[in-house]
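Chains, contacts and geometry: an overview
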Amino acid sequence: MAGSTLLNVSAQAEDTVTAVHAFPETLIYTKSFLSFVDKVNEAGKGVVQIEVRGGPEAIGMFQQPDAVRDGIVDMVYTPGSFYGGALPEKDAMVASNLTAVETRENGGIELIDQIHQEKMGLKYLGWFDSGVCYNLWTRNAPTFDESGNLEVEGLKLRGNNVYNAFFTNYLGAQVIDLPTGEVYSALQRGVVDATGWTQIGLIDLKWNEFLNYRIEPCFFSTDLGVIINLEKWNSLSDESKKILQDVAIQHEKDSVAALRAKRDEDFAALDAAGMTVVSLEGDAKANYLAAAREKTWERMKGLMADQPGGTDNYDKLIELFYDLNAAN
């Protein structure tokens, strides 16, 4: 009997989850993910451990979503926008004015998880680092038309999948798509002279060496999340799943507070170094914010319509991820 008990104990081997992250280790968002990993590995001793294989140097940032779906790696920390073609519903988070805390409580994240499972064979574990929005940052002083709208003609604007619908469809900008790791050299060489980026991380990336103006208001939300291969998730013990999910939910809360504090620190440091803040006002501001939201929703609806399930979840996603009463 004792021997049988020993065999049963030894059979319950520790679960190992391999992981990669989209951005370099020096970036604040990666540091946030790695702190989540540390929390899981502490809480999961003898039960579950996350083994980080690296970042974009291990698997290219845009190849990571396919890699986790195909089981090459078990877990990825990445923006949903990096796989938006397969899952356009991620735009509900991009255009959100809520955080993971509210959308975890109201069922929004549960719906996003369900859609990930159905469309991509992925478990959506958590929406990390929410509550941080984007600004447009420029090298040269921005100009405005007689109505106070931002003028972008002639601007060499770096784009990416997060904000291209807004930049091109509303602002009318010609964008130059570049991955994060190539932006510093592009700024250095004058290939681009403006970019969208979140409120934090500019200093980490050293882009502030070239960018001198921050345009307000900010728009959008980060859509960084942790996705897990669904077969891998289903193979984990119930105890492992509980540890991963509980720590993820707590990290959703912790990261909101931590990154807002980091934003305040970054803004203070940028201001002290001479960053100039330029603000849209009145109707120009209202139209700018409305366009960022509505052009993104249009993109989401259009892409959803071409996929199985169509736009069935469209209204529900907007209801759960956007609070009209909290609108700017």
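Going along each chain's sequence as written, the residues are numbered from 1 onward. Totals for whole chains, interfaces and linings use every residue, but because this is a predicted model, local features are given only for residues with pLDDT of at least 70 and side-chain atom pairs only at 80 or more, for both listing and counting. Side-chain metrics in this entry use all non-hydrogen atoms of the structure; hydrogen atoms and water are not considered.

1. Topic: the state of the cysteines
The rule for a disulfide is simple: a pair of cysteine sulfur atoms within 2.5 Å. For the structure on display, the rule yields one disulfide. Cys-133 shares a disulfide with Cys-218; S-S distance 2.0 Å. Residues Cys-133 and Cys-218 are joined by a disulfide whose S-S torsion is about -65°; by sign, that bridge is left-handed. One end of the pair, Cys-133, is in the loop between strand 4 (122-127) and strand 5 (134-138); the other, Cys-218, is in strand 11 (residues 213-219), with 85 residues separating them in the sequence. Per residue, the accessibility class of Cys-133 equals that of Cys-218, and both read buried. Only DSSP runs of H or I with at least four residues qualify as helices, and only runs of E with at least two residues qualify as strands; both kinds are numbered from the N terminus onward. With a 1.4 Å probe rolled over the protein chains alone, any residue whose accessible area is under 20% of its type maximum counts as buried; one over 50% counts as exposed, and the rest are partly exposed.

2. Structural notes on the side chain of Ser-221
Residue position: Ser-221 is located in the loop between strand 11 and strand 12 (224-229). Classification of Ser-221 as buried rests on a relative accessible area of 3%. Note on contacts: a residue pair qualifies if any of its non-hydrogen atoms lie within 4.5 Å across the two residues. Contact partners of Ser-221, with chain neighbours within four places excluded, come to Met-93, Val-94, Ser-96, Trp-127, Gly-131, Val-132, Cys-133 and Tyr-134.

3. Quick word on helix 6 (residues 108-120)
By this rule the span expected of a helix is its residue count minus one, scaled by 1.5 Å. If you check helix 6, its first and last C-alpha atoms are 18 Å apart, about what 13 residues at 1.5 Å a residue would give, namely 18 Å. Gly-108, Ile-109, Leu-111, Ile-112, Asp-113, Ile-115, His-116 and Met-120 are the residues of helix 6 that are buried. Within two residues after helix 6, Gly-121 carries a phi angle of roughly 65°, on the positive side.

4. Details of the packing of helix 6 against helix 13 (residues 314-321)
The description of two helices packed together rests on the angle between their axes and the distance between the axes. Think of each axis as a best-fit line through the C-alpha atoms, taken over the contacting stretch in the case of a helix, with angles from 0 to 180 degrees between the N-to-C directions. Put simply, helix 6 and helix 13 touch, their axes get as near as 9 Å, and they point 140° apart. For the element pair helix 6 and helix 13, the recorded crossing hand is left-handed. When helix 6 is examined against helix 13, the residues Gly-108, Ile-109, Leu-111, Ile-112 and Ile-115 are found in contact with a partner set consisting of Lys-316, Leu-317, Leu-320 and Phe-321. Each residue gets one label: Ala, Val, Leu, Ile, Met, Phe, Trp, Tyr, Cys and Pro are nonpolar, Asp, Glu, Lys and Arg are charged, and the others, such as Gly, are polar. For the contact of helix 6 with helix 13, the residue count by class is seven nonpolar, one polar and one charged. In this scheme the crossing of two helices becomes right-handed for a clockwise turn of the near helix relative to the far one and left-handed for an anticlockwise turn of less than a right angle.

5. Digging into the side chain of Asp-15
Along the chain, the position of Asp-15 falls in strand 1 (residues 15-21). Here Asp and Glu are counted as negative and Lys and Arg as positive; His is not counted, and neither are the chain ends. Take a side-chain nitrogen of Lys or Arg and a carboxyl oxygen of Asp or Glu: if they are within 4 Å of each other, that pair is a salt bridge. Although buried, Asp-15 forms no salt bridge, and the nearest oppositely charged side chain, Lys-232, lies 5.6 Å from it. Side chain to side chain, Asp-15 and Ser-240 meet in a polar contact 2.6 Å long. The term polar contact refers here to a pair of N or O atoms within 3.5 Å; inside protein, the definition further demands a hydrogen-donor-capable atom paired with an acceptor-capable atom, and it admits residues adjacent in sequence only when both atoms are side-chain atoms.

6. So, the packing of aromatic side chains
What characterises a pair of aromatic rings is the spacing of the ring centres plus the angle enclosed by the ring planes. Pairing of aromatic rings covers Phe, Tyr and the six-membered ring of Trp, with a centre-to-centre limit of 6.5 Å; geometry is then stacked below 30 degrees between planes, edge-to-face above 60, and tilted otherwise. With the rule as written, the count across this model stands at 19 aromatic pairs. Ring plane angle 35° and centroid distance 6.1 Å describe the contact between Phe-33 and Phe-36, whose orientation is recorded as tilted. Taken together, the residues span about one helical turn, with Phe-33 and Phe-36 both in helix 2 (residues 28-43) at a distance of three residues. Classification of Phe-36 by relative accessible area gives buried; the value is 0%. Summarising the aromatic geometry, the rings of Phe-166 and Phe-220 are spaced 6.0 Å apart at their centres and angled 70° between planes, so their arrangement reads as edge-to-face. Remark: Phe-220 occurs in the loop between strand 11 and strand 12 and Phe-166 occurs in helix 7 (residues 164-169); sequence separation between them is 54 residues. Taking the relative accessible area as the measure of exposure, Phe-166 reaches 0% and is therefore buried. These aromatic residues form a ring-pair network of at least three members: Tyr-134, Phe-166, Phe-167, Phe-219, Phe-220 and Tyr-288.

Just distances and angles here, no functional claims.
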